[in-house]
Amino acid sequence: MFSTVSLRRGLTGLVPLVVVLACVASVRTVAAAEPAGLKFSKRCLMISPNEGCAIADANRDGKPDVIAGSHWFAGPDFIPHPLRDIPQVSLGFGAAEFYASNGDHPCDVNGDGREDILCAVGWYENPGGDVFAKPWTLHPETKLSGAASPFLVVDVNGDGRNDIVWGKGHDYGVYWRQQGPPKPDGTTTWTEHLIDKSWSQAHTLTWADLDGDGQGELITGKRVRGHGDMDPGAAEPECLYYYKWDKAAARFVRYTISPPGGGVGTGMQICVADLNGDGRPDIAVSGKTGTWVLLNEGK
């Protein structure tokens, strides 16, 4: 569901540095040129330079709230409350290793039953036993160049081996890297497949079962101007999609959550939780085009 974060009540009296906008009228978005998928109503909570968000029960009333930048928004109506003072300055992000996320499944790369660590330079093998007393062996065969943060480790095709789903955070392309049988010496093998190359700057990805069929979907979208205006496609419009694995066709099928130019892009996180208590997973994102809630209305 959603994680609980303890925040004190009465977080008022702080001067907000952004203008909290009136709620944009709910708009249903579904791409006509794509297969019929889920419908989402979207609502803009705020326009600000903030690109991070989280979902938690901030006021401890048992209902999930959205926290983004200088404000938190009390669910289920997402009423804005000032949270903190964030100076509107321009700064760079320091270099960091990218990390892998795989939802509720252990990040076991080689199937030995131990959780491993994946990052931009490859994967580190869990030595077993006292993991703080033994060295972790680096396997460079999963090295990624320019990957989104996080990238995902999931068994895409159901063959019992974990695969890698990743996007180029500052270029065009979303891909999945299929894990094959290991070599005799235990070296893992991988084959890369293109998912989508029609838009750029897939800076963050997440995996969640949006339609309730027990199968997770890839959720990602464009982070506009990730490096100012220096990235390929930086001036192209924001968008948000989910991709469903088609087992028969052995490929991902794209569905639109919000189309190009629809106002909704991504920042550094894509959060998924049931925000209105209807049993369907909803989405919250925050980026240069605003902080948005996208309510899942089903098919």
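**Quick look at the overall build of the protein**
- In terms of helices and strands, the protein carries zero helices and 21 strands.
- Classification of the 299 residues of the protein by burial places 47% in the buried group.
- When contacts within the protein are restricted to residue pairs at least 6 apart in sequence, long-range pairs at least 24 apart make up 49% of them.

**Points about the sheet that holds strand 5 (residues 71–74)**
- Read from one edge of the open sheet, four strands run 3-4-5-6, paired in antiparallel fashion. This sheet does not close on itself; its edge strands, each paired only once, are strand 3 (54–56) and strand 6 (79–82). Here the average twist between neighbouring strands, direction ignored, is 25 degrees.
- Across three bridges, the pairing between strand 4 (residues 65–68) and strand 5 is antiparallel. Looking at the pairing, Ile-67 lines up with Trp-72 of strand 5.

**Overview of the pattern of salt bridges**
- Counted under the stated rule, the structure contains 10 salt bridges.
- Across the pair Lys-288 and Glu-51 runs a salt bridge whose closest N-O atoms are separated by 2.9 Å. With a gap of 237 residues between them, Lys-288 in the loop between strand 20 (282–287) and strand 21 (290–296) and Glu-51 in the loop between strand 2 (40–46) and strand 3 connect regions that are remote in the sequence.
- For Glu-51, a relative accessible area of 12% translates into the label buried.
- In this structure, a network of salt bridges that share partners links the residues Asp-211, Asp-213, Glu-217 and Lys-244.

**So, the sheet that holds strand 10 (residues 137–139)**
- The strand order across the open sheet formed by three strands is 8-9-10, and the pairing between neighbours is antiparallel. Each edge of the sheet is formed by a strand with only one pairing partner; in this case those strands are strand 8 (117–119) and strand 10. On average, each strand axis in the sheet is inclined to that of its neighbour by 25 degrees, with strand direction left out of account.

**Points about the confidence of the model for the protein**
- In the predicted model, the protein carries a mean pLDDT of 85, and 83% of its residues have values of at least 70.
- The low-confidence segment residues 1–32, where pLDDT is below 50, has 77 contacts with residues more than four positions distant or belonging to other chains.
- In the model, residues 90–96 has pLDDT below 50 throughout and makes one contact with residues more than four positions away in sequence or in other chains.

**Looking at the environment of Gly-265**
- Mapped onto the elements of the fold, Gly-265 is located in the loop between strand 18 (251–258) and strand 19 (270–273).
- Separated by 214 residues in sequence, Gly-265 and Glu-51 place their C-alpha atoms 9.9 Å apart.
- Ignoring any residue separated from it by four or fewer positions in sequence, one finds Gly-265 in contact with Lys-222, Glu-238, Cys-239, Val-285 and Thr-289.

**Considering the side chain of Asp-108**
- Relative to the elements of secondary structure, Asp-108 occurs in the loop between strand 7 (100–101) and strand 8.
- Buried charged residue Asp-108 carries no salt bridge. Nearest counter-charge: Arg-114, at 7.4 Å.
- For Asp-108, the side chain forms a polar contact with the main-chain nitrogen of Gly-113, separated by 2.8 Å.
- Once residues within four sequence positions are removed from consideration, Asp-108 is found in contact with Gly-113, Arg-114, Asp-116 and Asn-162.

**A short note on the side chain of Thr-289**
- By secondary structure assignment, the location of Thr-289 is in the loop between strand 20 and strand 21.
- Once residues within four sequence positions are removed from consideration, Thr-289 is found in contact with Ile-47, Val-224, Glu-238, Gly-263, Val-264 and Gly-265.

Scoring rules and cut-offs
Residues numbered from 1 in each chain as written. Predicted model: local features only at pLDDT ≥ 70, side-chain atom pairs only at ≥ 80, totals over all residues. Heavy atoms only, no water. Helix = DSSP H or I, 4+ residues; strand = E, 2+ residues; numbered from the N terminus. Buried < 20%, exposed > 50% of the residue type's maximum accessible area, 1.4 Å probe, protein only. Contact = heavy atoms within 4.5 Å. Pairing = 2+ DSSP bridges. Axes fitted to C-alpha atoms, helices over the stretch in contact; angles between N-to-C directions. Salt bridge = Lys/Arg side-chain N within 4 Å of Asp/Glu carboxyl O. pLDDT = per-residue confidence, 0-100. Lys, Arg positive; Asp, Glu negative; His and termini not counted. Polar contact = N/O pair within 3.5 Å; in protein donor to acceptor, adjacent residues only side chain to side chain.

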